[in-house]
Amino acid sequence: MYLKYDRLLSFGSVHHAMRAEKLLTAAEIKIDALPTPREIDISCGECILFMAADQQRVIKILDDHQVRWTKLFKCNMQDRVHEEIESR
Amino acid sequence: MSTKIDARGLACPGPVIAIKKALEEMDTGVVTILLDNKIAKENVIKFSTAHGCGVSITEQGGDFLLTVCKGASISDEPVRADEVATSNTVYVFTQDTLGQGSRELGAVLIKGFLYTLLETRPRPKTLLFMNAGVLLTIQDSPVMDHLNKLAQEGVEILSCGTCLDYFVVKDKLAIGEITNMYTIVEKMTMATKVITL
Amino acid sequence: MLSQLKKPNDPCLLVGIETADDAGVYKINETTALIQTLDFFTPIVDDPYMFGQIAAANSLSDVYAMGGKPITAMNIVAFPMGCLPPEVLRDILMGGQDKVIEAGAVILGGHSIDDKEPKYGLSVTGTVHPDKILTNAGAKLGDVLILTKGIGTGVLSTAARAEMFPEGVAASIESMATLNRRAAEVATQYTIHSCTDITGFGLLGHAYEMAAGSGVAMKIKASTIPLLPEAAEAATIGLVPAGAYANREYLTTVCIDSSVPVAIQDLCFDPQTSGGLLLSVPYGEAEALLRALQQGGTPQARMIGEVIEGERGEIYVY
């Protein structure tokens, strides 16, 4: 379930989030898509969760396809604590 | 409601007192608090998560900016994991997406909706699935994880037998029970609140 | 830093600074050794009399931790004359004196200086039989660890400043003002391999000193550690003092299982003021000693762990 993921990516628009979901699923990377937590962004939005081990692959696929992500967090979905590690 | 606090320079336990006060003064909303040391950051995170609030942390030139979000169902008392109250609210899902206008967007929204329902207290009593809504309760449903979690917490999940039959998926039901129109109408009538999607 | 000072070369020096022990011990003759210790600090409670009581209990504790009996004490005072009313100083000194009397010792005098921030404590002299000195360096494999007071004074002092958890704060004040006298009197009737009092480095810091000094490893069961009332609740909501974080960072040979709640972990590193005694006792005497402690004025005493095989100084908390 989504609790196991420890990386979270937020996006500039839901279109980019939806594209990201499609691309990463096609690349067979384990992900989940959720409404962006309010403590990260108040507007609805969708964010993508994945495992830290897949971080490099995920960022590369999204950058190669010009999918605009805004912030990368180290996340603890159990406690709902998200630490920003990179932003664009 | 949104509050901004600059808690830099406050001696321990000033930052915890500041976040406590800010969260007590709002029903729901977001507090941003600026801190200048790791200890204050750890302690404010502990206070926030103990009270069921989500926290995001951004480093800003040596300082820490924390965004703390208090949801509607959060009380001022620390949340106990074994306390999950239920209210007599029934949700009726009449399609396998949420809203009109774009099926693609609707698929994203229904997933998001059920995820957020997981986080909501008190729990709903029953989820009723009718018409294309039954496509959400069969094998390979994109929302099965969320429905499983809700069912584990005692939420009743019922799918209309006629609808499952119509879509020829009766043997693919993967969660909850099959029900009929009598039960569906009864559940809706006896509920305190009915929300139809 | 202390290692840069000249090492004393005196055969009468029984316990010096090498083992980072609680006090110094110097042999006078075949039946008597002198214990010397001092401690002082800034106020941790608002009430001046209680501050005096706690500071005195804290200073006297080191003597009990060495297995001795305090006999004399001298006041160490820093006070902002002219800024605080003299009654405040009087109450501090009364609190200290009453505690020294309770310990069966005598205040001989003291020294005070003018200082913007009040500080108080004692220099204490005690006696012990040279063959009966308890050090923090004698724990043996198979020993049981017993702790005589609940922990959490650092967290509860933070709670006091936040004006929260009044019951816990009151219990903490009472615990800090309690002498380790009764605990030491009971314990010294049994075989004690090692003893130290729990103060600024927290339970795990002082357990580490004992383990390292004894050349052993230890395991501690988190759920058996006695806690002061409301200490866990206060730690859970982030009323954790900087000292706890500093102690955690410093103690690299401590390994805590992730199943131990973070609040309990924080309490294990929480700096204590005038804490209880940590005793390392042979397995065969542990039950009897525990019962004697609990019935003899130390009801919070608990068995919390064991001395085990392992790398010197390693502490495993589970």
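Residues numbered from 1 in each chain as written. Chains lettered and ligands numbered in written order. Predicted model: local features only at pLDDT ≥ 70, side-chain atom pairs only at ≥ 80, totals over all residues.

The name given to chain A in an unreviewed UniProt entry is Putative Se/S carrier protein-like domain-containing protein, with Candidatus Desulfosporosinus infrequens as the source organism.

**Considerations on the overall build of chain A**
Our working rule: Secondary structure elements are defined from DSSP: runs of H or I of at least 4 residues count as helices, runs of E of at least 2 residues count as strands, and each element is numbered from the N terminus. For this measure, only C-alpha atoms enter the radius of gyration; the expected value for a globule follows 2.2 Å times N^0.38, where N is the number of residues. To assign burial, the other C-beta atoms lying within 10 Å of each residue's own C-beta are counted, with C-beta atoms placed from the backbone; 20 or more indicates buried, 12 or fewer indicates exposed, and intermediate counts indicate partly exposed. Two residues qualify as a contact pair if the distance between their C-beta atoms, derived from the backbone, is within 7 Å.
Along its length, chain A carries two helices and five strands. Mapped from its N terminus to its C terminus, chain A presents α and β elements in the order β-α-β-β-α-β-β. Relative to the compact-globule value of 12 Å for 88 residues, chain A shows a C-alpha radius of gyration of 12 Å, a close match. With the C-alpha coordinates of chain A rotated into their principal frame, the extents come out at 30 × 25 × 20 Å. Burial analysis of chain A (88 residues in total) assigns 41% to the buried set. Looking at chain A alone, contacts between residues at least 24 apart form 65% of all its contacts between residues at least 6 apart.

**Some details on the pairing of strand 1 (residues 2-6) of chain B**
All names here are of chain B. Short version of the rule: In this description, strands pair whenever DSSP reports at least two bridges between them. A right-handed crossover is one whose linking path, passing over the helix from the first strand to the second, runs clockwise when the strands point away from the viewer.
Looking at chain direction, strand 1 and strand 2 (residues 29-35) are connected through five bridges and run parallel. What sits directly across from T3, in strand 2, is V31. Regarding the hand of the β-α-β motif, the stretch spanning strand 1, helix 1 (residues 14-24) and strand 2 is right-handed.

**Focus: the domain arrangement of chain C**
Residues and elements named next belong to chain C. For the record, the criterion: For the purposes of this description, domain bounds are those given by an automatic or database domain assignment. Following the grouping adopted for this structure description, the nonpolar residues are Ala, Val, Leu, Ile, Met, Phe, Trp, Tyr, Cys and Pro, the charged ones are Asp, Glu, Lys and Arg, and the polar ones are all others, Gly among them.
By the assigned domains, chain C splits into domain 1 (2-132) and domain 2 (144-317). Between the C-alpha centres of domain 1 and domain 2 the distance comes to 22 Å. Counting from both sides, the interface comprises 18 residues of domain 1 and, opposite them, 18 residues of domain 2. Per element, the largest residue contribution to the side of domain 1 that touches domain 2 is ten residues, and it comes from helix 1 (residues 48-65). The class makeup of the residues in the side of domain 1 that touches domain 2 is ten nonpolar, five polar and three charged.

**A few points about the confidence of the model for chain A**
Just so we agree on the cut-off: As a per-residue quantity, pLDDT reports the predictor's confidence and falls between 0 and 100.
Mean pLDDT over chain A: 91, with 95% of residues reaching 70 or higher. Here strand 2 (residues 31-35) of chain A is the element of chain A with the lowest mean pLDDT, 91, and helix 2 (residues 55-64) of chain A is the one with the highest, 95.

**Overview of the sheet that holds strand 8 (residues 177-179) of chain B**
All names here are of chain B. Our working rule: Every axis corresponds to a line fitted to the C-alpha atoms, with the helix fit spanning only the stretch in contact, and the corresponding angles, defined between N-to-C directions, vary from 0 to 180 degrees.
Spatial strand order, 8-7-6-5-9: five strands in an open sheet with parallel pairing. A strand with exactly one partner marks an edge of an open sheet, and here the two such strands are strand 8 and strand 9 (193-196). Ignoring strand direction, the axes of neighbouring strands in this sheet form an average angle of 25°. Direction of pairing for strand 5 (residues 89-93) relative to strand 9: parallel, over a ladder of four bridges. Directly across from V90, in strand 9, lies its bridge partner V194.

**A few points about the interface of chain C and chain B**
At the junction of the two partners, chain C supplies eleven residues and chain B supplies twelve residues. Those elements that place two or more of their residues in the side of chain C that touches chain B are helix 3 (153-161) and helix 8 (242-250) of chain C.

**Here's the deal with helix 3 of chain C**
All names here are of chain C. Burial of helix 3 is extensive: eight of the nine residues sit out of reach of the surface. For helix 3, every residue scored as buried is listed here: T153, G154, V155, L156, S157, T158, A159 and A160. Among the residues trailing helix 3, E163 stands out with phi positive, at a value near 55°.

**Notes on the arrangement of the chains**
By contact count, the dominant pairing among the two pairs of chains in contact is that of chains A and B. There is a gap between chain A and chain C: no contact, and a shortest C-alpha distance of 12 Å.

**Side note on the confidence of the model for chain C**
Taken residue by residue, chain C gives an average pLDDT of 94. The fraction at 70 or more is 97%. Across chain C, element-level confidence peaks in strand 7 (residues 144-147) of chain C with a mean pLDDT of 98 and bottoms out in strand 1 (residues 13-15) of chain C with 80.

**Comments concerning the nonpolar core**
To be explicit about the condition: For the purposes of this analysis, a nonpolar core is taken to be any set of buried Ala, Val, Leu, Ile, Met, Phe, Trp, Tyr and Cys residues that are connected through C-beta atoms within 7 Å.
Counting 119 residues, the largest nonpolar core has I19 of chain B together with A207, A211 and A234 of chain C as its most contacted members. Here the element with the most residues in this core is helix 1 of chain C; it accounts for nine residues.

**Overview of the sheet that holds strand 1 of chain B**
Judged by pairing direction, the sheet is mixed, and its nine strands sit side by side in the order 2(A)-3(A)-1(A)-4(A)-5(A)-3(B)-4(B)-2(B)-1(B) without closing on themselves. Since the sheet does not close on itself, it has two edges, and those belong to strand 2 of chain A together with strand 1 of chain B, each with one partner. In this sheet, adjacent strand axes meet at a mean angle of 25° when their direction is disregarded. Taken strand by strand, helix 1 of chain B contacts strand 1, strand 2 and strand 4 (63-70) of chain B, and its axis lies near 165° from that of strand 2 of chain B.

**Structural notes on the interface of chain A and chain B**
If you look at the interface, chain A gives 19 residues, while chain B gives 18 residues. The element contributing the most residues to the side of chain A that touches chain B is strand 5 (residues 81-87) of chain A, with four residues. Partitioning the side of chain A that touches chain B into residue classes produces eleven nonpolar, one polar and seven charged. In terms of strand pairing, strand 5 of chain A meets strand 3 (residues 54-60) of chain B through three bridges, oriented parallel. By the bridge assignment for strand 3 of chain B, H82 of chain A is matched with S56 of chain B.

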